[in-house]
Protein chains: 4
Amino acid sequence: MTDAKGNRKLKPSQQPDPFTIVRIVEKREDGIVISGAKAMICGTASSNEIFLLPGTAYGSDDEDCALACVVPRDIEGLTVVEARGPSDGRDLDTPSGYEVPETGVTQGWLLFEDVFVPNERVFLCGEAKYTGKVVGYFSANYRACIGACVTGQGDVMVGAATAMARVNGLSAKPFMAKLIDMSVKNQTTFGMGVGACALGKSHPSGSYFADELTAHSNKVLVATLPYEVKRQAQDISGGIVETGCMPSHKDFTNSEYGELLQRCLKAGECSSETRFKIARLTEWLTIGGGVPGCMHGGGSPDGAKLVVRFKTPFEEYVQYAQKIMGIDEKISEPTPAEKGN
Amino acid sequence: MTDAKGNRKLKPSQQPDPFTIVRIVEKREDGIVISGAKAMICGTASSNEIFLLPGTAYGSDDEDCALACVVPRDIEGLTVVEARGPSDGRDLDTPSGYEVPETGVTQGWLLFEDVFVPNERVFLCGEAKYTGKVVGYFSANYRACIGACVTGQGDVMVGAATAMARVNGLSAKPFMAKLIDMSVKNQTTFGMGVGACALGKSHPSGSYFADELTAHSNKVLVATLPYEVKRQAQDISGGIVETGCMPSHKDFTNSEYGELLQRCLKAGECSSETRFKIARLTEWLTIGGGVPGCMHGGGSPDGAKLVVRFKTPFEEYVQYAQKIMGIDEKISEPTPAEKGN
Amino acid sequence: MTDAKGNRKLKPSQQPDPFTIVRIVEKREDGIVISGAKAMICGTASSNEIFLLPGTAYGSDDEDCALACVVPRDIEGLTVVEARGPSDGRDLDTPSGYEVPETGVTQGWLLFEDVFVPNERVFLCGEAKYTGKVVGYFSANYRACIGACVTGQGDVMVGAATAMARVNGLSAKPFMAKLIDMSVKNQTTFGMGVGACALGKSHPSGSYFADELTAHSNKVLVATLPYEVKRQAQDISGGIVETGCMPSHKDFTNSEYGELLQRCLKAGECSSETRFKIARLTEWLTIGGGVPGCMHGGGSPDGAKLVVRFKTPFEEYVQYAQKIMGIDEKISEPTPAEKGN
Amino acid sequence: MTDAKGNRKLKPSQQPDPFTIVRIVEKREDGIVISGAKAMICGTASSNEIFLLPGTAYGSDDEDCALACVVPRDIEGLTVVEARGPSDGRDLDTPSGYEVPETGVTQGWLLFEDVFVPNERVFLCGEAKYTGKVVGYFSANYRACIGACVTGQGDVMVGAATAMARVNGLSAKPFMAKLIDMSVKNQTTFGMGVGACALGKSHPSGSYFADELTAHSNKVLVATLPYEVKRQAQDISGGIVETGCMPSHKDFTNSEYGELLQRCLKAGECSSETRFKIARLTEWLTIGGGVPGCMHGGGSPDGAKLVVRFKTPFEEYVQYAQKIMGIDEKISEPTPAEKGN
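Rules used in this analysis
Residues numbered from 1 in each chain as written. Chains lettered and ligands numbered in written order. Predicted model: local features only at pLDDT ≥ 70, side-chain atom pairs only at ≥ 80, totals over all residues. Heavy atoms only, no water. Helix = DSSP H or I, 4+ residues; strand = E, 2+ residues; numbered from the N terminus. Buried < 20%, exposed > 50% of the residue type's maximum accessible area, 1.4 Å probe, protein only. Areas by Shrake-Rupley, 256 points an atom, 1.4 Å probe, with all protein chains shown as cover. Lys, Arg positive; Asp, Glu negative; His and termini not counted. Charge placed at Lys NZ, Arg CZ, Asp CG, Glu CD. Contact = heavy atoms within 4.5 Å. Buried area = accessible area lost by both parts, 1.4 Å probe. Salt bridge = Lys/Arg side-chain N within 4 Å of Asp/Glu carboxyl O. Least-squares fit on C-alpha atoms with pLDDT ≥ 70 in both. Axes fitted to C-alpha atoms, helices over the stretch in contact; angles between N-to-C directions. Parallel < 35°, antiparallel > 145°, perpendicular 65-115°, else oblique. Left-handed = near helix turned anticlockwise from the far one by under 90°. Nonpolar A, V, L, I, M, F, W, Y, C, P; charged D, E, K, R; others polar. Phe/Tyr/Trp six-rings, centres within 6.5 Å; stacked < 30°, edge-to-face > 60°. Pairing = 2+ DSSP bridges. Polar contact = N/O pair within 3.5 Å; in protein donor to acceptor, adjacent residues only side chain to side chain. Arc of directions from axis to C-beta. pLDDT = per-residue confidence, 0-100.

The number of helices and strands found in chain A is 11 helices and nine strands. By principal-axis analysis of the C-alpha atoms, chain A measures approximately 75 × 65 × 50 Å. Here chain A, with 341 residues, has 59% of them falling under the buried criterion. Of the roughly 13,800 Å² of accessible surface on chain A, 53% is carried by carbon and sulfur atoms. When the 35 positive and 42 negative side-chain charges of chain A are each reduced to one mean point, those points stand 5 Å apart.

See below:
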């Protein structure tokens with residue numbers, strides 16, 4: 001969905017470099033040719049097909065960006081550049097099971113250079129007037145669902161923090177107030193996502209779309225609550241997870257001083273290896289490669305707030321206040337000062 | 001529902017004063033006689049019938065408190081003592097329309113002294129083992145619904161704050177970030193309440209009960225978010241609403257200096273009377289009589305957290321962490337030290 | 001300090017009603033005559049002298065508002081209208097000791113109608129160019145000190161909440177995490193106020209002025225942290241304090257049902273009278289007449305944020321980032337689009 | 001200061017593995033021999049001397065851990081194992097100037113194996129009764145100062161976020177509310193640290209110690225506010241910084257597709273290289289290697305809260321509440337139930 005965008009103050013047709021936004025560069029009888037870059041696209045490495053959507057709503061000047069289509073990942077002319085995230089160096093040189101996650105995170109740039117897409121794989125081809133709706137439908141459902149996504153991550157954090165307390169040789173009970181608080185936050189984005197779906201409406205096409213005010217409010221929570229859950233996981237887990245003092249696996253198993261390190265990492269009844277692994281997981285979840293995504297993934301919280309603004313009936317709420325107090329006089333925005341004043 | 005409770009550390013049967021908890025004091029062939037006090041019961045003044053539920057789960061020692069029944073409000077032996085809240089003195093001596101709300105808030109104590117309830121109005125009569133379920137069913141639904149209740153109040157606060165900006169002679173636009181934030185918070189308790197209902201389950205009886213983890217998490221939010229919404233309403237509304245400097249209606253209309261006060265209260269394009277009314281409403285909503293209820297109404301947030309604790313599968317979440325890192329060793333709570341150590 | 005202000009979009013000289021801002025209406029040989037209204041002035045009722053300062057910085061068009069002087073409270077032409085706050089009705093009809101506080105809160109409007117002030121009591125008389133400095137000096141010191149003011153109130157709330165737990169028949173210990181958190185917040189506004197003073201500078205006059213960035217940042221905290229302290233006091237204190245269900249003293253001592261109420265209010269080892277008093281205090285501190293003041297008293301948090309903005313060296317901080325990364329290119333605000341685009 | 005600690009439930013003398021806490025293993029006439037591990041020690045790599053302090057207060061059973069001394073970094077028998085943090089792999093393979101920071105972060109384990117320390121470098125040698133004071137003095141001053149430390153980091157984040165808005169092609173102005181909020185938070189930990197110093201006391205030795213209640217309250221803030229500042233920096237900076245989609249420098253300069261990536265990274269008036277660098281800095285500060293430290297560095301917030309609890313005069317505050325309401329009755333913790341009940 002997300003294009004590289006170029007200069008954010010300019011429309012696609014005004015961009016000095018057209019490659020910053022994926023667009024139709026040629027219409028043929030049997031299909032279209034597209035060119036340009038999509039950014040921060042996750043999961044491409046493990047996908048068979050890539051579904052392209054317009055990155056935002058476009059006006060008639062930018063018809064060539066009004067594009068929805070599906071291409072196979074291995075299509076001619078597409079270069080996928082995987083990003084370089086925190087801890088990926090460590091991923092590569094650590095034996096399986098001591099680094100997180102075995103299966104990897106993929107997040108990348110998609111560079112389309114004159115890629116041909118046959119007509120049967122094209123769903124939007126220049127109909128700019130529908131781009132706003134496409135983005136609106138997609139983002140409402142996405143932002144309802146991302147609530148559950150971060151809840152799942154948060155549940156792992158609750159589990160990791162509980163385990164950290166124990167591998168540190170302590171009980172999880174003195175941390176129960178924090179763990180309950182984490183659980184409340186996890187359940188909030190989940191429950192509100194479900195609420196957005198339950199309040200949604202079915203479309204004549206048969207599709208079902210989440211309620212926009214609720215879904216976009218949820219995106220605002222998704223951009224704040226998981227950060228607090230991470231912070232609380234660090235709070236419970238102790239310095240080993242948060243001060244960046246975890247040794248490498250290579251040192252941990254070093255023939256000279258590895259055994260000493262292992263003895264030092266043993267704290268409770270679990271083995272030092274288990275403590276090493278849980279600490280690495282918790283660090284990864286709260287500092288390293290496992291952090292990204294909930295702020296701008298699926299769009300920015302500021303974008304969501306614009307929808308909240310648009311969907312909140314402020315004037316109706318002013319009427320509530322007026323009705324309670326029996327005020328008939330209209331309470332309006334101030335009259336603009338005349339020009340020249 | 002809520003009993004006066006007496007000494008919170010003692011069970012009903014241990015209370016020095018049995019009157020602190022409503023209980024069955026006599027079983028007759030045609031009905032029961034009840035005695036004791038219910039506290040913080042709202043709406044009684046405008047009700048025809050009062051439905052009594054047990055205040056908490058009871059064991060077999062406290063069967064006489066396992067009581068659900070319905071009594072008319074005007075029944076012999078019942079004394080209703082309305083509470084004395086903030087600003088109720090002002091309510092009484094201010095002309096209608098200048099004080100909030102015209103219809104009043106009722107919150108009171110119900111003192112039952114040997115009240116007879118005929119059998120056909122009794123639904124639980126000593127069956128202590130069901131009291132936990134009754135309380136659980138009630139509180140899950142209540143705490144799903146209270147989300148929407150505080151949202152409605154919050155919508156009025158959004159309206160009042162928008163109106164205050166205008167009657168202060170300003171536009172609401174510079175306060176939009178705060179207003180949007182208030183709207184997100186209002187929608188959160190609403191959306192999550194809907195989510196709790198959507199995740200609920202139907203009971204063989206035909207009743208439908210909200211999901212407990214979501215509903216009780218919502219109660220925790222209900223005890224925090226509305227406070228922030230109130231604070232933001234004060235922030236937007238200015239000192240007139242928050243520093244306790246609103247004059248009385250008697251001074252506002254005083255024949256000597258009332259006109260001066262009215263001139264001073266005029267700020268924007270609206271009349272000083274409209275500003276007086278909106279300021280009084282916003283003060284009432286955020287400082288005075290309109291504040292109470294969202295913290296302990298429907299039970300305390302600490303009680304809700306106990307349910308969250310009980311319903312969060314901590315051990316399952318520990319398993320998630322173990323599975324990701326391939327840990328087979330059991331990560332348990334530490335073995336208790338032996339006695340004598 | 002605070003004037004009634006009138007239309008906030010207009011300068012004093014543009015106000016339709018000049019009375020909304022106190023100003024010099026006549027300069028005589030032996031003094032000046034002033035007229036206009038000051039709003040939300042606390043403590044007047046118990047003061048001998050009133051020190052007037054300009055409400056904001058004025059330009060040369062508004063020289064007549066550049067006024068600092070001292071007048072006795074009982075001066076001819078001054079009308080003080082005390083405000084009508086929450087619970088003041090209750091204050092008047094409750095015996096001493098059962099309502100808070102015995103000594104009362106005073107907050108009022110000062111209406112100056114052609115008040116003569118002799119020259120020896122006038123310190124600023126039309127010198128508009130100094131008004132900005134006067135306001136700046138005053139507000140920096142005020143906002144350093146208000147930190148300690150709300151801490152004192154917060155300490156009472158910690159005490160009241162601790163006492164409430166006990167009069168409810170419970171120990172304060174299970175609430176310790178909340179009480180510690182309240183203490184941290186109280187100490188924050190106090191410690192930061194001290195920090196603002198310690199970072200301050202002495203003026204050639206011999207006066208000493210607090211550091212502006214720190215003092216105004218403290219004002220932002222003062223407009224948020226005490227609200228959380230109040231909320232936590234309610235959380236600990238239970239429904240009796242927060243749901244508006246406290247009976248009046250008249251009912252509490254009623255000859256018919258007062259004894260029953262007293263029995264119901266007895267919860268722990270303390271008398272029901274003690275519980276009544278502590279509950280009334282805590283309600284008053286967190287809902288009623290004891291709430292106002294920390295948001296806009298001493299000026300608004302939005303005003304403080306403007307000073308924070310002005311005193312934060314954003315461009316210097318951009319240089320830090322550039323230096324770390326070895327960037328020579330200037331990172332500027334975008335060039336404005338040309339007219340007509 | 002921090003020892004590896006071993007089993008946190010056991011005292012040093014009870015540890016199954018004595019190496020987990022640095023201790024005196026032999027006293028000779030000319031000095032002592034020490035053994036054991038210190039963990040999460042930063043800056044060792046660039047230090048000439050290492051000052052060891054006891055990790056906590058010890059009783060007389062643990063005299064051998066009551067140890068303060070100074071050793072050169074290169075002393076015989078000391079092995080320093082640097083930790084493996086997020087993004088350190090990237091540090092090594094990226095040309096200077098494209099990764100942060102050039103100078104590196106050092107955080108490591110110190111393994112002391114029978115290290116001899118001559119008497120003139122030993123300051124505490126078995127005097128267990130002073131260990132509590134040593135830790136108390138150190139931590140009060142440390143936790144006053146760490147306020148300024150995180151402020152400096154926060155100032156860089158304000159600068160980086162301001163720069164990110166601009167290199168994204170936007171103005172920093174629409175983000176001003178967030179930037180001001182970040183500045184207030186930065187100034188809070190700084191101003192409160194200064195306050196803790198200003199409220200401190202001089203010791204007969206000539207040393208000066210910060211006020212404990214203020215300093216430890218500051219540690220609690222240091223464990224929360226910087227997380228919010230980081231989150232806000234991500235919020236302003238956009239997906240490029242937060243979703244983990246930054247390409248490696250190797251891809252950025254790749255001969256085949258590097259130029260396309262560079263064109264895609266160009267957004268505003270600055271070069272794509274500048275955007276690459278500022279984005280990498282901001283990512284590093286908020287997700288990667290630049291994150292660790294403010295939660296448990298200098299001790300845990302839970303440890304600080306214990307000091308806050310100890311230093312808050314709860315009973316005095318209860319007296320304030322009693323005095324206001326004229327209550328003579330003592331409000332005590334409930335009498336414990338008798339055994340067997």
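Moving on from the coordinates now.
What follows deals with the interface of chain A and chain B. Counting residues at the interface gives 66 residues for chain A, matched by 66 residues for chain B. Roughly 5,600 Å² of surface becomes buried between chain A and chain B when both sides are summed, with 68% attributable to carbon and sulfur atoms. Sorting the residues of chain A by area buried against chain B places R166, M325 and E333 of chain A first, and these three jointly supply 13% of that buried surface. Counting across the chain A and chain B interface gives four salt bridges.

We now examine the relation of the copies chain A and chain B. With an RMSD of 0.0 Å, the fit of chain A onto chain B corresponds to turning through 180° and sliding 0.0 Å along the axis. Taken together, the rotation and translation describe the operation of a two-fold axis.

A word on the packing of helix α3 (residues 176–198) of chain D against helix α4 (residues 212–222) of chain D. Residues and elements named next belong to chain D. Across the interface, α3 lies against α4 with an axial gap of 9 Å and an inter-helix angle of 165°. In this view, α3 runs roughly antiparallel relative to α4, as classed from their interaxial angle. By crossing handedness, the relation of α3 to α4 is classed as left-handed. Where α3 abuts α4, its residues T188, T189, M192, G193, G195 and A196 lie against T214, A215, S217, N218, L221 and V222. Residue composition of the contact of α3 with α4, grouped by class: five nonpolar, seven polar and no charged.

Residue and element names in this part refer to chain A. Under the definition given, this model contains 20 aromatic pairs over all chains. Geometrically, the ring pair formed by F138 and Y142 is tilted, given 5.4 Å between the ring centres and 40° between the ring planes. Here the residue F138 and the residue Y142 both occupy positions in helix α2 (residues 131–167), the gap between them amounting to four residues, near one helical turn. Residue F138 is classed as partly exposed on the basis of its relative accessible area of 32%. Residue class for Y142 comes out partly exposed when judged on its relative accessible area of 32%.

Residue and element names in this part refer to chain B. Strand order in the open sheet formed by four strands is β1-β2-β6-β5, and the pairing between neighbours is antiparallel. Two strands in the sheet have a free side with no partner beyond their single neighbour: β1 (23–28) and β5 (78–82). Taking each pair of neighbouring strands and ignoring which way they run, the sheet shows an average axis angle of 15°. Both β5 and strand β6 (residues 107–118) contribute to a ladder of five bridges, which runs antiparallel. In the sheet register, L78 faces β6, and the bridge partner there is F112.

Let us look at the relation of the copies chain C and chain B. The transformation that overlays chain C on chain B combines an axial shift of 0.0 Å with a rotation of 180°, and the residual RMSD is 0.0 Å. A shared interface surface links the copies, since 100% of the contact residues of chain C are contact residues in chain B too.

The subject of this paragraph is the pattern of salt bridges. Per the counting criterion, the structure on display carries 61 salt bridges over all chains. When the shortest N-O distance is used, the salt bridge between D61 of chain B and K11 of chain B registers 3.6 Å. Pair noted here: D61 of chain B is in the loop between β3 (49–52) and β4 (67–72) and K11 of chain B is in the segment before β1, with a separation of 50 residues, a long-range link. Since its relative accessible area comes to 53%, D61 of chain B is described here as exposed. Close ionic contact of K311 of chain C with E212 of chain C constitutes a salt bridge, the shortest N to O distance being 3.2 Å. Here K311 of chain C, found in helix α10 (residues 301–311), pairs with E212 of chain C, found in helix α4 (residues 212–222); they are 99 residues apart in sequence, far enough to count as distant. Within this structure, R166 of chain A together with E315 and E333 of chain B form a network of salt bridges that share partners.

Summarising the element assignment, S139 of chain C is placed in helix α2 (residues 131–167). Sequence separation of S139 of chain C and A210 of chain C is 71 residues, and the distance between their C-alpha atoms is 9.2 Å.

The interface of chain C with chain B comprises 70 residues on the first partner and 70 residues on the second. Across the interface of chain C and chain B, roughly 5,800 Å² is buried in total on both sides, 61% from carbon and sulfur atoms. Three residues, R84, W109 and C264 of chain C, lead the burial of chain C against chain B; their summed loss comes to 13% of the area buried on that side. Summed over the shared surface of chain C and chain B, the result is four salt bridges. For K178 of chain C, the salt bridge is made with D302 of chain B, and the minimal N-O distance between the two is 2.7 Å. Linking chain C to chain B there are 26 residue pairs in polar contact (both at pLDDT 80 or more). Among the elements that take part in the side of chain C that touches chain B, helix α8 (residues 258–265) of chain C stands out by supplying five residues, more than any other. Here the side of chain C that touches chain B is composed, by residue class, of 29 nonpolar, 22 polar and 19 charged.

The next subject is the environment of G299 of chain B. Considering the arrangement of structural elements, one finds G299 of chain B in the loop between α9 (272–286) and α10 (301–311). The contacts of G299 of chain B, once residues within four sequence positions are left out, are R143 and K219 of chain B.

Attention now moves to the side chain of T282 of chain C. Residue and element names in this part refer to chain C. Inspection of the secondary structure assignment puts T282 in helix α9 (residues 272–286). From its side chain, T282 meets the backbone oxygen of I278 in a polar contact 2.7 Å long. Not counting the four nearest positions on each side in its chain, T282 is found in contact with A160, M164, S237 and V241.

Burial in α10 of chain B covers these residues: P301, A304, V307 and V308 of chain B. Each buried residue of α10 of chain B sits inside an arc of 110° when the element is viewed along its axis, so together they form one side. Away from its buried face, by an angle of more than 90 degrees, α10 of chain B presents the exposed residues L306 and F310 of chain B. In this structure, the buried residues of α10 of chain B make contact with α3 (176–198) of chain A, α2 (131–167) and α4 (212–222) of chain B together with α5 (225–237) of chain C.

We now examine the confidence of the model for chain A. Note: predicted coordinates in regions of low pLDDT should not be interpreted at a detailed level. Residue and element names in this part refer to chain A. Summarising the model, chain A shows a mean pLDDT of 92, and 97% of its residues fall at 70 or more. Of all secondary-structure elements in chain A, the lowest mean pLDDT belongs to helix α1 (residues 88–93), at 77, while strand β4 (residues 67–72) reaches the highest, 98. Across the interface, the model reports ipTM at 0.93; the global pTM reads 0.95.

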